[in-house]
Amino acid sequence: QVQLVESGGGLVQAGVSLRLSCAASGRTFSTYTMGWFRQAPGKEREFVAAISWRGINTVFADSVKGRFTISRDNAKNAVYLQMNSLKPEDTAVYYCAASEDYVSRDLDAYNSWGQGTQVTVSS
């Protein structure tokens, strides 16, 4: 299990950008698929984006495709979620997660989770 800590959330206006960071501990960070999920009150946690071990393959939810970018820096044990053109519907707690499986949209594939960081987008 890898330890994950998210940061970078906040209250922003619609249309602006925000970058979330996830700091990871563990010597095997580079062997994990990393993903971002989000959860709004009363809703199930949903997939946002994922990136493969080497960062070659990425996958995004349709709702954020073209607006969000996921990246990782294995030398820094970090993964990022660049969120552009934010919409009120993006409001949620965002979670960083790690998986020992290949890139997946299924939250059950992820066995390590951060504490989450709140992103609130006002109109």
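See above for the structure.
Predicted model only: the values in this text are computed from it and were never measured. (Residues numbered from 1 in each chain as written. Predicted model: local features only at pLDDT ≥ 70, side-chain atom pairs only at ≥ 80, totals over all residues. Heavy atoms only, no water.)

Hey, could you go over the sheet that holds strand S3 (residues 18–25) for me, with residue numbers and the actual values?
The four strands lie next to each other as S1-S3-S8-S7, forming an open sheet whose pairing is antiparallel. Among the strands making up the open sheet, the edge pair consists of strand S1 (3–7) and strand S7 (68–73). The mean inter-strand angle of the sheet, taken between neighbouring strand axes irrespective of direction, is 15 degrees. The pairing of S7 with strand S8 (residues 78–83) spans six bridges and is antiparallel. From the neighbouring strand, Thr69 faces S8, where its bridge partner is Gln82. (Pairing = 2+ DSSP bridges. Helix = DSSP H or I, 4+ residues; strand = E, 2+ residues; numbered from the N terminus. Axes fitted to C-alpha atoms, helices over the stretch in contact; angles between N-to-C directions.)

Before we move on, could you go through the pairing of strand S11 (residues 117–122) and cite the residues and values that matter?
Only one face of S11 is buried: it carries Thr117, Val119 and Val121, and the other face, with Gln118, Thr120 and Ser122, is open. The pairing of strand S2 (residues 10–13) with S11 spans four bridges and is classified as parallel. By the bridge assignment for S11, Val12 is matched with Val121. Pairing of strand S9 (residues 92–99) with S11, which is carried by three bridges, proceeds in the antiparallel orientation. Among the inter-strand pairings, Ala92 is bridged to a residue of S11, identified as Val119. (Buried < 20%, exposed > 50% of the residue type's maximum accessible area, 1.4 Å probe, protein only.)

Which residues make up the side chain of Arg67, and what values do they have?
Structurally, the position occupied by Arg67 is in the loop between strand S6 (58–60) and S7. Excluding residues that lie within four positions of it along the chain, Arg67 makes contacts with Gln82, Met83, Asn84, Ser85, Leu86, Lys87 and Asp90. (Contact = heavy atoms within 4.5 Å.)

Let's hear about the environment of Ile56: which residues, and what values?
Tracing the sequence through the fold places Ile56 in the loop between strand S5 (46–51) and S6. Along the backbone, Ile56 and Ser71 are 15 residues apart, and their C-alpha atoms lie at a distance of 9.5 Å.

Provide a residue-level description of the side chain of Ser104, including the pertinent values.
Relative to the assigned elements, Ser104 resides in the loop between S9 and strand S10 (110–113). Ser104 sits in the buried class, given a relative accessible area of 18%. Within polar-contact distance, the side chain of Ser104 engages the backbone nitrogen of Asp106 at 3.0 Å. Contact partners of Ser104, with chain neighbours within four places excluded, come to Phe47, Ala50, Ala109 and Tyr110. (Polar contact = N/O pair within 3.5 Å; in protein donor to acceptor, adjacent residues only side chain to side chain.)

Talk me through the environment of Glu44; I want residue IDs and the actual numbers.
When you line up the elements, Glu44 lands in the loop between strand S4 (33–39) and S5. For the pair Glu44 and Asp73, spaced 29 residues apart in sequence, the C-alpha to C-alpha distance is 29 Å. Look past the residues within four positions of Glu44 in its chain and what remains in contact with it is Arg38 and Gln39.

Help me get a handle on the pairing of S9, residues and values and all.
The buried count for S9 comes to eight of eight residues, which makes it a mostly enclosed element. Sheet topology note: the S4/S9 ladder contains seven bridges and is antiparallel. What sits directly across from Trp36, in S9, is Cys96. Inspection of the sheet shows S9 paired to S10 by three bridges, in the antiparallel sense. The partner of Ser99 across the bridge, within S10, is Tyr110.

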